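# Observations on the model geometry
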Amino acid sequence: MADSTVTTEAAPEPRGPYPHVRIDGDHVWVTGQIGRDPASGDFVTGGFEPEFHQAITNLAEILGEVGCTLADVVHTCVQFINEDDLDSMNRIYGERFAVPFPARTSFGVAFLWKGAKVQIDCVARRP
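Residues numbered from 1 in each chain as written. Predicted model: local features only at pLDDT ≥ 70, side-chain atom pairs only at ≥ 80, totals over all residues. Heavy atoms only, no water.

### Some words on the pattern of salt bridges
Evaluated as defined, the whole model comprises 2 salt bridges. The partner of E49 in a salt bridge is R91, with the nearest N and O atoms 2.6 Å apart. Note that E49 is positioned in helix α1 (residues 48-65) and R91 in helix α2 (residues 86-96), a separation of 42 residues in sequence. Given the relative accessible area of 32%, E49 is considered partly exposed. Between E95 and R91 there is a salt bridge; the shortest N-O distance is 3.3 Å. Here E95 and its partner R91 are both found in helix α2, 4 residues apart, which amounts to about one turn of the helix. (Salt bridge = Lys/Arg side-chain N within 4 Å of Asp/Glu carboxyl O. Helix = DSSP H or I, 4+ residues; strand = E, 2+ residues; numbered from the N terminus. Buried < 20%, exposed > 50% of the residue type's maximum accessible area, 1.4 Å probe, protein only.)

Spelled out as structure tokens, the structure:
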């Protein structure tokens, strides 16, 4: 896949004019993922922590479609709406990504799509 896009049923369908993944040579850009269940399209229940776990799971499923894993991620961007979730975000991030951790940008935002509490996107290198 020299330069292509991929959309998979293993993650919630995109709700706009974009694919799950854009591939350019050895680099993979994954569109921001939120805590939606792929089967129902609804948010998982329970708040920030379950949503963040689901968002990372969606990211992992998408990466799997193009032959990558979370270990191939070199950079992430995490956006969240509540500063009080920062410690939980760091803990979950540390549990789900392995050393050496990807570079990361994270910041608070005023809102996310349909009331999502967190969103994560990434850039990965294809093995």
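### Regarding the packing of α1 against α2
Following both chains from N to C, one finds α1 and α2 inclined at 35°, their axes separated by 10 Å at the closest point. Where α1 crosses over α2, the handedness of that crossing is right-handed. Across the interface between the two elements, F48, E49, F52, H53, I56 and T57 of α1 pack against S88, M89, R91, I92, Y93, E95 and R96 of α2. Among the residues forming the contact of α1 with α2, the class breakdown is 6 nonpolar, 3 polar and 4 charged. (Axes fitted to C-alpha atoms, helices over the stretch in contact; angles between N-to-C directions. Left-handed = near helix turned anticlockwise from the far one by under 90°. Contact = heavy atoms within 4.5 Å. Nonpolar A, V, L, I, M, F, W, Y, C, P; charged D, E, K, R; others polar.)

### Remarks on the pairing of strand β6 (residues 118-125)
In terms of burial, β6 is a largely internal element, 6 of the 8 residues being buried. Here strand β3 (residues 27-33) runs beside β6; their pairing, made up of 5 bridges, is antiparallel. Considered in β6, the bridge of H27 is made with R125. As judged from the 7 bridges shared by strand β4 (residues 73-80) and β6, these two strands associate in the antiparallel manner. Note that in β6 the partner of F80 across the bridge is V118. (Pairing = 2+ DSSP bridges.)

### Focus: the pairing of strand β5 (residues 103-108)
Within a regular strand, the side chains alternate between the two sheet faces. For β4 and β5, the ladder comprises 6 bridges, and the chain directions are parallel. Directly across from Q79, in β5, lies its bridge partner F107. A crossover links β4 with its parallel partner β5, the connecting element being α2, and its sense is right-handed. (Right-handed = clockwise from strand over helix to strand, strands pointing away.)

### A few points about the sheet that holds β3
Spatial ordering of the open sheet is given by β1-β2-β3-β6-β4-β5, a layout of 6 strands whose pairing is mixed. Pairing within the sheet leaves two strands with one partner each, and these edge strands are β1 (3-6) and β5. Strand after strand, the sheet turns through a mean of 10° between neighbouring axes, direction not considered. Packing of α1 onto the sheet brings it into contact with β1, β2 (21-24), β3, β4 and β6, and relative to β6 it is tilted by some 25°.

### As for the packing of aromatic side chains
Per the counting criterion, the structure on display carries 3 aromatic pairs. Summarising the aromatic geometry, the rings of Y93 and F97 are spaced 4.6 Å apart at their centres and angled 35° between planes, so their arrangement reads as tilted. You can call F97 buried: its relative accessible area is 3%. In this structure, R104 is placed above the aromatic ring of Y93, and the distance from its NZ or CZ to the ring centre is 4.8 Å. (Phe/Tyr/Trp six-rings, centres within 6.5 Å; stacked < 30°, edge-to-face > 60°. Lys NZ or Arg CZ within 6 Å of the ring centre and 35° of its normal.)

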